[in-house]
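# Descriptive structure summary
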Amino acid sequence: MSPWVERHRPKYFSEVKGQDEAIYKIRRFLEEFNSEKSKKAIVLHGSPGIGKTTIAHVIAKETDSELFELNASDFRDKKRLEEILKPAIEQKSLLNKNKIILVDEVDGISSTDRGGLPELLSLIETSTFPILITANDIWDSKLSPLRKKSELIQLKEIDYKTIKDVLIWILRKEKHFIDNEVLTKIAIQAKGDLRAAINDLQTISEMQDSSKVTFDERNKEVDIFNAMKLIFKGRATESTLKLFDSVNMSIDEIILWIEENIPMEYSGKELARAYELLSKTDLFKGRIYKQQYWRFLVYENIFLSYGISSVKKNAKTGFTTYKRPTRILKIWMNNQRTAKKKSIAIKYAEYCHIAQKRAMKEFPIIKQIINSNPSISKELKLDNEELEYLRG
Ligand SMILES: Nc1ncnc2c1ncn2[C@@H]1O[C@H](COP(=O)(O)OP(=O)(O)O)[C@@H](O)[C@H]1O
Ligand SMILES: [Mg+2]
């Protein structure tokens, strides 16, 4: 199934929500554009999922302009830029339309000589067409020369009521129904990121019974054995959903426990279905890590608890001794640790211009250095998990 964020990407101004002011300014900029203007580029900036890319495309469509797209890596390939792209940029549109040049996600550009930013700046100098640039973080210091050469337009994060309106609009088109309270929660959790909200909406809609989704306070602590019992033996109910909230264990470990114990309880069709669900969870996790949609973890949790539990037709009786997933767990935890160590070593090696191998070998010392110099860990842009690894 195609992602809803693509299927429902706005095509007209009227479908873009919450960005009226920005759209007004961009239209005015384009109307007043002439190639003698001192600033020939606009940077649309703001956090992810608020409509930067969408607006660029909608503007082109609604002003009947041809959109010529360049990305950060095009500026690195000087030959391609000079021979193919620049001539195309400088030509008038074949259909005699207006032309707009789009440089999407300029954050990826590098300010060094070979990195592309100087090329972009010189394009802005010479272009006879308006240039739209999008950026997540225009205040990054490397982008300072770009800031001086362009008009900045900040896009707002979308307030939760507007997000909810968009969600309802999409559900209507999809002929789906989701409980109002759940919609409100998705909208609030998205924290202004409409893309995230729509992705969450799709996930929830694909669940069997989305009216059951609630994210309430924690139960009392139930240990993992007890949780296994409730999942595998009990009937799936609303409280099954919240089961893992009260188990003091990471979701990755819980997955291993479930995986280990599925064959203890299920067989035949139930077994197959449970594994299928589990593999979906895994895929899902890949997506979470790759796109850093940490809030998705809530829903992954739901697949694992309610999903796995509802695989069986009837509640089960009897006593089962659930197994600890020791072997896999150890391998997994070890891999996790090595991965962290490696990612820190790579950053450090780059920072100090030493070989990665050496950084790995001297890791105990490097660890001390970083730990005793907070400014270094900042400089290295270590994420929370890496910092935790260093502290441990
Ligand atoms: N202001 C908005 N109005 C309507 N839909 C939006 C808006 N912003 C984002 N979206 C939805 O989120 C998706 C991603 O938006 P996109 O423009 O790619 O975000 P950005 O480029 O700011 O990261 C779009 O396909 C659309 O479905
Ligand atoms: Mg974008």
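Here we summarise the structure given alongside this text. For clarity, every value in this text was computed on a predicted model and none was experimentally measured. (Residues numbered from 1 in each chain as written. Chains lettered and ligands numbered in written order. Predicted model: local features only at pLDDT ≥ 70, side-chain atom pairs only at ≥ 80, totals over all residues. Heavy atoms only, no water.)

## Points about the sheet that holds strand 2 (residues 65-71)
Read across the sheet, five strands follow the order 2-3-4-1-5 without closing on themselves; strand pairing throughout is parallel. The open sheet has two edge strands, strand 2 and strand 5 (150-154), and neither has a second partner. When strand polarity is set aside, the average angle formed by the axes of neighbouring strands in this sheet is 25°. Alignment of strand 3 (residues 98-104) against strand 4 (residues 131-135), held across three bridges, turns out to be parallel. (Pairing = 2+ DSSP bridges. Helix = DSSP H or I, 4+ residues; strand = E, 2+ residues; numbered from the N terminus. Axes fitted to C-alpha atoms, helices over the stretch in contact; angles between N-to-C directions.)

## A closer look at helix 3 (residues 52-62)
Turning to helix 3, its buried residues number three or more, namely Lys52, Thr54, Ile55, Ala56, Val58, Ile59 and Ala60. Looking at the buried residues of helix 3, the elements they touch are helix 2 (20-31), strand 1 (41-45), strand 2, strand 3 and strand 4. (Buried < 20%, exposed > 50% of the residue type's maximum accessible area, 1.4 Å probe, protein only. Contact = heavy atoms within 4.5 Å.)

## Digging into the pattern of salt bridges
Throughout the structure, instances matching the rule amount to 15 salt bridges. A salt bridge links Arg7 to Glu174; the shortest N-O distance between them is 3.3 Å. Residue Arg7 is located in helix 1 (residues 4-7), and its partner Glu174 is located in helix 7 (residues 160-174); the two are separated by 167 residues in the primary sequence. Take Arg7: its relative accessible area is 37%, and that puts it in the partly exposed class. For Glu174, a relative accessible area of 18% gives the class buried. (Salt bridge = Lys/Arg side-chain N within 4 Å of Asp/Glu carboxyl O.)

## So, the nonpolar core
Ile26, Leu201, Phe232, Ile258 and Ile308 are the most contacted members of the largest nonpolar core, which has 69 residues in total. Structurally, this core is a two-domain feature, drawing no fewer than three residues from each of domain 1 (19-154) and domain 2 (213-324). With near-sequence residues (within four places) excluded, Ile308 lies in contact with Ile231, Phe232, Ile258, Ile262, Tyr266, Ala274, Leu277, Leu278 and Phe303. With 26 residues, the next largest nonpolar core counts Phe75, Leu81, Val106 and Phe129 among its residues. (Core = buried A, V, L, I, M, F, W, Y, C linked by side-chain atoms within 4.5 Å. Domains from an automatic or database assignment.)

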